Amino acid sequence: MTNQFSQIRWGRVAWTALIVYGASFLIVMLIVTGYATYLAFQARGAPDQSMIEAFANQYAPWIGAISLMLFTFLGTIWMARFVRMGIELHGLVVGILVSLVNILFEGVGSFSLTTLLTTVLLIGSGWLGGWFAAKKEAN
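For clarity, every value in this text was computed on a predicted model and none was experimentally measured. (Residues numbered from 1 in each chain as written. Predicted model: local features only at pLDDT ≥ 70, side-chain atom pairs only at ≥ 80, totals over all residues. Heavy atoms only, no water.)

A. Just the overall build of the chain, in detail. The secondary structure content of the chain amounts to five helices and zero strands. Listed by position from the N terminus, the elements making up the chain come as α-α-α-α-α. The principal-axis extent of the C-alpha atoms belonging to the chain is close to 60 × 35 × 20 Å. Burial analysis of the chain (139 residues in total) assigns 35% to the buried set. The contacts in the chain between residues at least 6 apart in sequence include a share of 76% that link residues at least 24 apart. Accessible surface computed for the chain: about 8,700 Å², of which carbon and sulfur atoms make up 71%. Averaging the coordinates of the 7 positive side-chain charges in the chain and doing the same for the 5 negative ones gives two points 17 Å apart. (Helix = DSSP H or I, 4+ residues; strand = E, 2+ residues; numbered from the N terminus. Buried < 20%, exposed > 50% of the residue type's maximum accessible area, 1.4 Å probe, protein only. Contact = heavy atoms within 4.5 Å. Areas by Shrake-Rupley, 256 points an atom, 1.4 Å probe, with all protein chains shown as cover. Lys, Arg positive; Asp, Glu negative; His and termini not counted. Charge placed at Lys NZ, Arg CZ, Asp CG, Glu CD.)

B. Region of interest: the nonpolar core. Core analysis: the largest hydrophobic core is formed by 16 residues, its most contacted members being Val13, Leu68 and Val98. Sorting the residues of this core by element identifies α2 (10-43), α3 (49-80) and α4 (87-106) as the ones contributing at least two each. It is α4 that contributes the most residues to this core, five residues altogether. Not counting residues within four places of it along the chain, the set of residues in contact with valine 13 comprises Ile8, Met79, His90, Val93, Val94 and Leu97. (Core = buried A, V, L, I, M, F, W, Y, C linked by side-chain atoms within 4.5 Å.)

C. Just the packing of α2 against α3, in detail. At a closest axis distance of 8 Å, the pairing of α2 and α3 adopts a crossing angle of 150°. At the point where α2 passes α3, the crossing takes the right-handed sense. Considering only residue class, the contact of α2 with α3 consists of 21 nonpolar, six polar and one charged. (Axes fitted to C-alpha atoms, helices over the stretch in contact; angles between N-to-C directions. Left-handed = near helix turned anticlockwise from the far one by under 90°. Nonpolar A, V, L, I, M, F, W, Y, C, P; charged D, E, K, R; others polar.)

D. Representation of the side chain of threonine 119 in the model. Positionally, threonine 119 belongs in helix α5 (residues 113-138). We classify threonine 119 as buried; its relative accessible area is 12%. Contact partners of threonine 119, with chain neighbours within four places excluded, come to Ser99 and Ile103.

E. α5, seen in detail. With 26 residues, α5 should reach 38 Å at 1.5 Å per residue; the first-to-last C-alpha distance of 37 Å fits that figure. Here α5 has its buried residues at Thr115, Thr118, Thr119, Leu122, Ser125, Gly126, Gly129, Gly130, Ala133 and Ala134. Lining the buried residues of α5 we find α3 and α4. (Expected span 1.5 Å × (residues − 1).)

F. Layout of a nonpolar patch on the surface. Together, Leu26, Ile27, Leu30 and Ile31 make up a nonpolar patch on the protein surface, roughly 330 Å² of accessible area in all. Assignment of secondary structure puts leucine 30 in helix α2. Since its relative accessible area comes to 53%, leucine 30 is described here as exposed. (Patch = residues over 30% accessible without salt bridge, like charges linked within 9 Å, V, L, I, M, F, W, Y side chains within 5 Å. Salt bridge = Lys/Arg side-chain N within 4 Å of Asp/Glu carboxyl O.)

Have a look at this one:
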């Protein structure tokens, strides 16, 4: 087991985790901005801030979690092109790092059942991406 951890390319894993989290954050921001733009065109002026805030509070957590899982899966598959050994382990570590970054930005004090579920799904998403990439590599 120690030998496997020593083979992890930590720089690649860290960059992948940060890119995944950044891409997820960017998607959420673009969707909320798109909604605000839609409201601005509809109102032919300044949009109603309470509607934008309500939209962001209602949809941003779900959009963020789903996009984070999707990008973790895709980021692990992308990273597997550069990592030839221990692809599943690399995917698992990416999932763990992304979930830790997510916990840090959500706030450690606000740990809830939703955060726990998101953490488990992110780690599973990273491992699944690694497993999928390893199967693809084997063929």
